Amino acid sequence: MKLINVALALFLVAAAASASDVEEVATFGWGNEPTGVAVSTSGRVFVNFPRWFQNHSAPSVAEIVNGKMVPYPNAEWNSWTPGDDPKSKFVCVQSVFIDHADTLWILDPAAALKSFTLPDGYEINLFASEVEFPELENPVQMAFDAKGRLWVTTMESYPMYLPGTPPDDKILILGQHR
């Protein structure tokens, strides 16, 4: 019952807002999919664009200045190409967040590999990514089976830019020939 009340309250607040209450801060054009936005206490606006497609043209992280994307912290950090070291460039940023101390946090899963502390004798290896395997475009869920194979669901056509075009979502199995 409380959930319904919260949903109704949010609907009423949204319905009460008029068109004059909406401000467009920036537009990004076809093919650039922002998945995160963060606003600092001083009003600086940051946005991120995962590198989900081969024709990715937006910076991985940008600050919005006068309605335009400015690569953050600079163009070099946003210039990753396959084979570059992920320690000095963004690879596929999934989210931006500003905490209570007004610190910008950037979630780039490729960067996680460099921050692990492992016991002696252990190592981490990248098994698969959409960079090495383009057929893994937009992975959304995965599971290992009893044979050690990785099953992955993908939503390659998300968010289906061209209405009427059939989706090309898949279930893939990696490691079948081990």
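Structural notes, computed from the coordinates. (Residues numbered from 1 in each chain as written. Predicted model: local features only at pLDDT ≥ 70, side-chain atom pairs only at ≥ 80, totals over all residues. Heavy atoms only, no water.)

### Focus: the overall build of the chain
Consideration 1: If you tally the helices and strands in the chain, you get two helices and nine strands.
Consideration 2: In the chain, the order of α-helices and β-strands from amino to carboxyl end is α-β-β-β-β-β-β-α-β-β-β.
Consideration 3: The buried share of the chain, reckoned over its 178 residues, is 26%.
Consideration 4: Within the chain, contacts between residues separated by at least 24 positions form 34% of all contacts whose residues are at least 6 apart in sequence.
Consideration 5: For the chain, the exposed area adds up to about 12,400 Å²; of that, 61% sits on carbon and sulfur atoms. (Helix = DSSP H or I, 4+ residues; strand = E, 2+ residues; numbered from the N terminus. Buried < 20%, exposed > 50% of the residue type's maximum accessible area, 1.4 Å probe, protein only. Contact = heavy atoms within 4.5 Å. Areas by Shrake-Rupley, 256 points an atom, 1.4 Å probe, with all protein chains shown as cover.)

### Section: the pattern of salt bridges
Consideration 1: Within this structure, the stated rule accounts for four salt bridges.
Consideration 2: A salt bridge links R44 to E63; the shortest N-O distance between them is 2.8 Å. Placement of the pair is R44 in the loop between β1 (36–39) and β2 (45–48) and E63 in strand β3 (residues 61–65), with a sequence separation of 19 residues.
Consideration 3: Notably, a salt bridge pairs K89 with D84, separated by 3.1 Å at the nearest N-O pair.
Consideration 4: By relative accessible area, which is 13% here, K89 ends up buried.
Consideration 5: Several salt bridges converge on common partners, so that one network encompasses E76, D84 and K89. (Salt bridge = Lys/Arg side-chain N within 4 Å of Asp/Glu carboxyl O.)

### A look at the pairing of β1
Consideration 1: Alternating residues of β1 divide into G36 and A38, all buried, and V37 and V39, none buried.
Consideration 2: Bridge count between β1 and β2: four bridges; the pairing is antiparallel. Considered in β2, the bridge of V37 is made with V47.
Consideration 3: A loop of five residues connects β1 with β2, the two strands running antiparallel in sequence, and G43 in this loop sits at a positive phi of about 95°. (Pairing = 2+ DSSP bridges.)

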